Amino acid sequence: DAGITQSPRYKITETGRQVTLMCHQTWSHSYMFWYRQDLGHGLRLIYYSAAADITDKGEVPDGYVVSRSKTENFPLTLESATRSQTSVYFCASSDYLPSNQPQHFGDGTRLSIL
Amino acid sequence: AQSVAQPEDQVNVAEGNPLTVKCTYSVSGNPYLFWYVQYPNRGLQFLLKYITGDNLVKGSYGFEAEFNKSQTSFHLKKPSALVSDSALYFCAVRGLLSGTYKYIFGTGTRLKVLA
């Protein structure tokens, strides 16, 4: 089915460990985004990508790394997890950012860091 | 600075009554405005958008939104609320940040429709 899928849906890990969240979209959208959702903050942009091999920082990039070797995949890595990175993470895609198209969101990954 | 404000953390409304979820924005240039809805354990779903034209925009599930340029507002409305409308609602604006376009989201408003 066409869409945007995130895996895993739930993850528990310990501080200091590396963890990678996966995001896959089937629309061939140019743009992909990673957000974190925290109570009182709404959605905050971590990183985004305009195309394969093109990524840029968002509002809260510290402690995160992204890559985009293929258009359809946009993994997010926490290199050394901290408790402050406990959050719900959403991946999104859109066709062409300067246009008026809305974003399409995955169902999120709930990440708990102990 | 580009920003979106949703002044109410929660809105309670009785089923069958009209509902309004408020949003104000600050952005340079012409605003592209969006409303999204989030149900529990799900991602955000697009409801409607304003780009240009008629100030009253109609969207999914009977929702509509009114763009008011002078008040820089984009309030979400529905004439008759359903219990199933209970969810978290986000207003967003496409704005220029550091020279590139990005979507800026409000902090969300939880809508509770009471039977």
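Q: Go over the environment of V37 of chain B, please, and point to the residues and values.
A: Residue and element names in this part refer to chain B. With respect to the secondary-structure elements, V37 resides in strand β5 (residues 32–38). A sequence separation of 71 residues divides V37 from G108, and the C-alpha atoms of the two residues are 9.2 Å apart. Sequence-distant contacts of V37, defined by excluding residues within four places in its chain, comprise G43, L44, Q45, L47, A87, L88 and Y89.

Q: Requested: an account of the pattern of salt bridges, with residues and values cited.
A: All names here are of chain A. The full count for this structure, using the stated rule, is seven salt bridges over all chains. Between E14 and R17 there is a salt bridge, with its nearest N and O atoms 3.5 Å apart. In this structure E14 comes out as partly exposed when scored by relative accessible area, which is 44%. One continuous salt-bridge network, built from bridges that share partners, spans R36, D38 and R44.

Q: I'd love a proper account of the packing of aromatic side chains, names of residues and values included.
A: Taken as a whole and assessed by the stated rule, the structure comprises 18 aromatic pairs over all chains. Between Y35 of chain A and F105 of chain B the ring centres are 5.4 Å apart and the planes differ by 85°, which places this aromatic pair in the edge-to-face class. Taken together, the residues Y35 of chain A in strand β4 (residues 31–38) and F105 of chain B in strand β11 (residues 100–105) connect one chain to another. Y35 of chain A gets classed as buried once you look at its relative accessible area, which sits at 1%. Residue classification places F105 of chain B among the buried positions, given a relative accessible area of 8%. Among the aromatic residues, ring-to-ring pairing joins Y31, F33, Y35, Y48 and F105 of chain A together with F34, Y36, F46, Y103 and F105 of chain B into one connected group.

Cut-offs and rules
- Residues numbered from 1 in each chain as written.
- Chains lettered and ligands numbered in written order.
- Predicted model: local features only at pLDDT ≥ 70, side-chain atom pairs only at ≥ 80, totals over all residues.
- Heavy atoms only, no water.
- Helix = DSSP H or I, 4+ residues; strand = E, 2+ residues; numbered from the N terminus.
- Contact = heavy atoms within 4.5 Å.
- Salt bridge = Lys/Arg side-chain N within 4 Å of Asp/Glu carboxyl O.
- Buried < 20%, exposed > 50% of the residue type's maximum accessible area, 1.4 Å probe, protein only.
- Phe/Tyr/Trp six-rings, centres within 6.5 Å; stacked < 30°, edge-to-face > 60°.

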